[in-house]
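Working through the structure, step by step
This is what each chain is made of:
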Amino acid sequence: MMISRYVFGSPLPTMAVVREIAASEGAVPHFEVSQADGRVSFTTVLGEDDQIFGLGETVRGINKRGHLYRSWNMDDFSHTENKPGIYASHNLLLFSGEKGVFGAYFDDPGAILFDLGYSDGAKAVITSENGDLSLYLIEATTLTGLVREFRHLIGRSYIPPRWAMGYMQSRWGYSTEEELRFIVSEHRARHIPLDSVCMDIDYMQDFKDFSWNHESFPDLKRCTAELMADHIHVVPIIDAGVKQEDGDPVYEEGVQNDYFVKKEDGSLFIGAVWPGRSCFPDFLREDVRAWFGDKYRPLLDAGIQGFWNDMNEPALFYSVESLENAFQMAEKLRHENLGINGAFQLKDAFVNIANNDEDYRRFYHLVDGKPVRHDRVHNLYGAMMTKSAAEGFHRYDPDHRYLLFSRSSFIGAHRDGGVWQGDNSSWWSHLLLNLKMMPSLNMCGFLFTGADLGGFSCNTTEDLLLRWLALGVFTPLMRNHSAQHTRDQEIFRFRNWQDMRNVVSVRYALLPYLYSLLVKCACRDEMMFRPLVFDYPQDKTAIRVEDQLLLGDECMIAPVYEQNARGRHVYLPEDMLLVSFRSGEEYALTPMTKGHHWIDVPMNEVPLFIRHGHAIPLVRPAESSDQLDTAHCTLLGWLNHSCVISLYEDDGVSADVKLEDGLQLINISLNGDCAVARCVGKTIDATKLILG
Ligand code: GLC
């Protein structure tokens, strides 16, 4: 057995894993276990050069060693290094060192502290605050093997419809039908490819879930149909909190049926989010998930095929109680001469009313009919909201895929939807953070992911957006999103919009390849993005590289992530072909040898490396994904022998995805200085292949 399970206390159900593994008895390999004050700690000794990977969506580097992280889903819009975590809890660790590799998954929906060589550089100590959990130990000989084992345990990753891999434009503030049309027409007029526009909270009536403002959207169905005729999907947001308002059907049904979380005394827990005072569906209950999941119907009936679920940590601006406490504190301090302590006390009384630990201890869920205090299952909330929506969509239309991505998540939610990386900032460091989160998320099963390109908070700059788009070309979710009151961030607002358009066209040229890769990785339990150490564990330089990633088996990406840089250093662990894209149709090819290089990357170029011996297909870019002509393609690569490459294709929307049904084989044969490629139903140009 490659995975063994060890049980501590009485674990609460999380639905993270899909295969049942009988509990093992006896000592836990690799870890020393200690129990105190209801907590359980697992300690393992680290060799000087050991590395630790995992933890999915969180801050800092790909190698997690040297810092303190805490699984506690949190609405925190400032993703700085000092944070213990952000919106998600992905409790997977992979240890890699001289003695080999092993993995550990801590299946626990409560808080977990990961002290990875922080208190003591030579030790990793993982502490479950609940003390009730299943620990899965994973054995394999390679990091890739560990991930495959783990992903097999947690089940197949979500596969979005193909159009969801097209470019998306979003902004907090789009409020009317006219505005959406304006955004679309500005893209179309300039031939900037676009597949979707997202509607943020302003489409709603008073921020009420499942409502829309009938003045701004007098006929939503007609609007979505007309945009769809232009190959544009409308993607609305849904929030976790339901406005407490008499007359609102969601609120009233929730109250009548007892669907909202309650306090110990049986009264409703009221917390505030965008609409003010709100109630929170108990997504941990199956009946509540079914109810909420069916609420998406009117929007689905209006022609909508995709959603983003937000504020589902759940985010709390304040609770009735925390607000009251803050006012009392202010009253108490009102006539004092506030010095060092008093002034901070006053400020903190208000700052701490949001997402307050005490509030997360105020309400209860029903788990198997028994009340469980929220903090014990906190990290599951977003995942269960995702599940509710996914199951609702499946009931609505079992034959078609849906687009769904969430802010908060837990392992298990990777089967039901994707995630975006939350409220980043328009900072160069967050472009790099976006890159670093990709492989960590992939390890944990989340393939459909990406960050807000250009940055969410703060004002972006034209060079930052351009370079960030050049990374977004490769991330399955490619969405430009920004916060209210920041500078306009749509491509067409900028002087260099043509360069940005050309960058987006690279995405469309690569879309069949990237889509095929995502489906293959989902079906084979593989990662789309891998740190170099996964493929070159013996290469002392490669194993420490954190700003380049392998993409599939064929490619490597190395984006520019520094202001005013006109190139960057790259390390090639083997010979590779550099493709310098100026657009999806214009590129230069440079074979490069293994080793260190400085590459020039002018502002209008997207670099991509293809490993020697591999080739990838490129199609003619189009303005939307369903206008792509996949019957014609050009192969890019550097080959010294004949080979066969495979490409997965399907209709892009059917729910039943079977890898073997959609795999097309492209036979490439080399004859002297000429290459010929054949594939049933395709015309393939092999003349761009570099031979030798
Ligand atoms: C949250 C989301 C962000 C969204 C905003 C308004 O901050 O993370 O993407 O724009 O809420 O809905």
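Located above this text is the structure these notes cover.
A short tour of the structure in this document, coming up. (Residues numbered from 1 in each chain as written. Predicted model: local features only at pLDDT ≥ 70, side-chain atom pairs only at ≥ 80, totals over all residues. Heavy atoms only, no water.)

1. Section: the environment of Arg181
For the record, the criterion: Put simply, DSSP marks the helices as runs of H or I at least four residues long and the strands as runs of E at least two long, and each gets a number from the N terminus on. To sort residues, take the accessible area from a 1.4 Å probe on protein chains only and compare it with the maximum for the residue type: under 20% means buried, over 50% means exposed, and anything in between is partly exposed. Contacts are residue-level and defined by heavy atoms, with any inter-residue pair within 4.5 Å sufficient.
Within the secondary structure, Arg181 is located in helix H2 (residues 177-190). Since its relative accessible area comes to 25%, Arg181 is described here as partly exposed. Dropping the residues within four chain positions of it, Arg181 is found in contact with Arg222, Cys223 and Glu226.

2. A short note on the side chain of Glu321
Test applied: N or O atoms closer than or at 3.5 Å make up a polar contact, with two conditions inside protein: a donor-capable atom paired with an acceptor-capable one, and, for residues adjacent in sequence, both atoms drawn from side chains.
On the secondary structure map, Glu321 appears in helix H7 (residues 320-333). Residue Glu321 is classed as buried on the basis of its relative accessible area of 19%. For Glu321, the side chain forms a polar contact with the side chain of Lys263, separated by 2.7 Å. Those residues in contact with Glu321 that lie beyond four places of it in its chain are Lys263 and Arg362.

3. Remarks on the site of the ligand
Rules: Residues are labelled near a given molecule or strand when at least one of their non-hydrogen atoms is within 4 Å of it. Values of accessible area rely on a 1.4 Å probe in the Shrake-Rupley scheme; residue burial ignores everything except the protein chains shown.
Lining the immediate surroundings of the ligand are 13 residues, of which Asp200, Asp310, Arg407, Asp423 and His481 lie closest. Here Arg407 contributes a side-chain N or O atom positioned 2.9 Å from an oxygen atom of the ligand. Between the ligand and His481, the relevant distance is 3.0 Å, taken from an oxygen atom to a side-chain nitrogen or oxygen of the residue. Protein contact buries 98% of the 300 Å² of open area that the ligand shows by itself.

4. Regarding the environment of Ala522
By secondary structure assignment, the location of Ala522 is in helix H14 (residues 497-524). The sequence separation of Ala522 and Gly445 amounts to 77 residues, and the corresponding C-alpha distance is 8.1 Å.

5. Thoughts on the pattern of salt bridges
Heads up, the rule is: Any carboxyl oxygen of Asp or Glu that lies within 4 Å of a side-chain nitrogen of Lys or Arg is treated as forming a salt bridge with it.
Taken as a whole and assessed by the stated rule, the structure comprises 45 salt bridges. Of the charged contacts in the structure, one is a salt bridge between Glu331 and Arg334, with a shortest N-O distance of 3.3 Å. Given the relative accessible area of 48%, Glu331 is considered partly exposed. Assessed through its relative accessible area of 55%, Arg334 is described here as exposed. When the shortest N-O distance is used, the salt bridge between Arg373 and Asp375 registers 2.7 Å. When its relative accessible area of 31% is taken as the criterion, Arg373 is described as partly exposed. Asp375 sits in the buried class, given a relative accessible area of 16%. Each of Asp75, Asp310, Glu313, Arg407 and Asp423 takes part in one network of salt bridges that share partners.

6. Quick notes on the sheet that holds strand S16 (residues 262-263)
In plain terms, the rule: Two strands pair if DSSP finds at least two bridges between them.
Here we have 3 strands laid out as an open sheet, ordered S16-S21-S22, and antiparallel in their pairing. Unpaired on one side and paired on the other, S16 and strand S22 (370-373) mark the two borders of the sheet. Pairing of strand S21 (residues 363-367) with S22 involves 4 bridges; the strand directions are antiparallel. Bridged to Leu366 within S22 is Pro371.

7. Thoughts on the pairing of strand S3 (residues 39-45)
A large share of S3 lies buried, amounting to 5 of its 7 residues. Note: strand S2 (residues 32-36) against S3, 5 bridges, orientation antiparallel. Across the sheet, Gln35 pairs through a bridge with Val40, a residue of S3. A loop of 2 residues connects S2 with S3, the two strands running antiparallel in sequence, and Asp37 in this loop sits at a positive phi of about 50°.

8. Section: the nonpolar core
The criterion, for reference: Working definition of a nonpolar core: buried Ala, Val, Leu, Ile, Met, Phe, Trp, Tyr and Cys residues. They are joined through side-chain atoms within 4.5 Å.
Counting residues in hydrophobic clusters, the biggest one holds 195 residues, and the most contacted among them are Tyr296, Leu510, Leu551, Phe581 and Ile668. Ranked by residues supplied to this core, first place goes to H14 with 17 residues. Apart from residues no more than four positions distant in its own chain, Leu551 is found in contact with Phe474, Tyr513, Leu514, Leu517, Met528, Phe529, Met556 and Ile557. Grouped together as the second largest cluster of nonpolar side chains are 23 residues, Leu46, Leu116, Ala124 and Leu137 included.

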